[in-house]
Amino acid sequence: MMKTILALDTATEACSVALLHQESISTLDELSPRTHTQRILPMIDELLTQANLTIKQVDLLAFGRGPGSFTGVRVGVGIAQGLALGAELPVIAVSNLLAMAESAYQQLGKTEVVALIDARMNEVYFAQFSRNEQGWFEVVAEQVCSPEKAIEQIQIEREPVVVGTGWTAYSQFSESNLPLVVSDITLPSARYMLSLAEQAYQQGKTQSAMDIEPVYLRNEVTWQKLPHKR
């Protein structure tokens, strides 16, 4: 029997929640760049109430683990940990870049994807993915880099579609004249984390709430060495 999966994401300007229950998917998506902490729990409550469920009736919790905004990623990890600990749920951490690739597959039928999220400071969070019968794999590993470095690494012979806010954020991409199709998929959604979480669950890739960690890509070493961190 298919599991009941709850997914949440606050890593970018988007705040989204999705629920898979009895083979039906329900979602809530909002643009709320500075109110994630106020909105995410009410959105979760709304979806669960609509489905006549409590958090303890969920089988699996998925969340966007980054990359994304520093604060947004921290909010998502904190909410996921709190919910998972309280309800004793196994957790799946989903890459926000990969979630957009899955969106391109489900919406557009694309199996070759360049994902770019604007990381500010003339940098992007970047990865390139390809999909086969076994699922997604990285053609270019997830990283934070300049637009120029991303352009150097994009493998155009695969004719990928572009997703994410990064492409339009920096003129270097359009000026590169790369023969790429730019989709209108700009932000990740928890909806497309559900299928990724389901596959990860089947592969035994769940984590406990205590083990999940945010993925910032930028300044990870600096973050780990802050004086007040233990």
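Peer 1: Explain the sheet that holds strand 5 (residues 91-94) to me, please; I cannot follow it from the model alone.
Peer 2: Sheet strands pair by backbone hydrogen bonding; their relative direction is either parallel or antiparallel. If you walk across this open sheet you meet the five strands as 3-2-1-4-5, and the pairing is mixed. On the outer flanks of this sheet lie strand 3 (24-31) and strand 5, each paired with one strand and no other. Between one strand axis and the next, the sheet turns by 15° as a mean value, whatever way the strands run. As judged from the four bridges shared by strand 1 (residues 5-9) and strand 4 (residues 60-64), these two strands associate in the parallel manner. Pairing of Ile5 across the sheet is with Leu60, part of strand 4. The sheet contacts of helix 2 (residues 70-87) involve strand 1, strand 4 and strand 5, and relative to strand 4 the element is tilted by about 170°.

Peer 1: Please explain the packing of aromatic side chains as it appears in this structure.
Peer 2: Centre distance and the angle of the planes are the two values used to describe a pair of aromatic rings. Tallying each qualifying case throughout the model produces four aromatic pairs. Between Tyr105 and Trp136, the aromatic rings sit 6.4 Å apart at their centres with planes inclined by 90°, giving edge-to-face as the arrangement. Here Tyr105, found in helix 3 (residues 96-108), pairs with Trp136, found in strand 8 (residues 135-145); they are 31 residues apart in sequence, far enough to count as distant. On the basis of relative accessibility, which here comes to 31%, the residue Tyr105 falls in the partly exposed class. Where Trp167 meets Phe173, the ring centres are 5.1 Å apart and the plane angle is 25°; that geometry is what we call stacked. Of the residues examined, Phe173 reaches a relative accessible area of 0% and is grouped as buried. Directly above the aromatic system of Tyr105 lies the positively charged group of Arg131, at a separation of 3.8 Å from the ring centroid.

Peer 1: What am I meant to see in the environment of Glu138 here?
Peer 2: Note that Glu138 resides in strand 8. With 18 residues separating them in the primary sequence, Glu138 and Ile156 have C-alpha atoms 14 Å apart. Within the structure, the side chain of Glu138 is placed 3.3 Å from the backbone nitrogen of Glu142, a separation counted as a polar contact.

Peer 1: Would you take a moment to explain the nonpolar core for this structure?
Peer 2: Side chains of nonpolar character tend, in soluble globular proteins, to be buried together. With 31 residues, the main nonpolar core has Ile92, Val94, Leu97, Val113, Phe129, Trp136 and Val163 as its most contacted residues. Here the element with the most residues in this core is helix 3; it accounts for six residues. Not counting chain neighbours up to four residues away, the residues in contact with Val94 comprise Ala62, Phe63, Gly64, Arg65, Gly66, Ala99, Met193 and Leu196. Counting 29 residues, the second largest nonpolar core, distinct from the first, contains Cys15, Val17, Leu47 and Leu61.

Peer 1: Please clarify how the sheet that holds strand 6 (residues 112-118) should be interpreted in this entry.
Peer 2: Strand order across the open sheet formed by five strands is 8-7-6-9-10, with mixed pairing between neighbours. Each edge of the open sheet is held by one strand with a lone partner, namely strand 8 and strand 10 (181-182). The sheet contact formed by strand 6 and strand 9 (residues 161-163) spans three bridges and is parallel. Of the residues in strand 9, the one forming a bridge with Ala115 is Val163. The sheet strands contacting helix 3 are strand 6, strand 7 (124-132), strand 8 and strand 9, and the helix crosses strand 6 at an angle near 135°.

Quick notes on the rules
Residues numbered from 1 in each chain as written. Predicted model: local features only at pLDDT ≥ 70, side-chain atom pairs only at ≥ 80, totals over all residues. Heavy atoms only, no water. Pairing = 2+ DSSP bridges. Helix = DSSP H or I, 4+ residues; strand = E, 2+ residues; numbered from the N terminus. Axes fitted to C-alpha atoms, helices over the stretch in contact; angles between N-to-C directions. Contact = heavy atoms within 4.5 Å. Phe/Tyr/Trp six-rings, centres within 6.5 Å; stacked < 30°, edge-to-face > 60°. Buried < 20%, exposed > 50% of the residue type's maximum accessible area, 1.4 Å probe, protein only. Lys NZ or Arg CZ within 6 Å of the ring centre and 35° of its normal. Polar contact = N/O pair within 3.5 Å; in protein donor to acceptor, adjacent residues only side chain to side chain. Core = buried A, V, L, I, M, F, W, Y, C linked by side-chain atoms within 4.5 Å.

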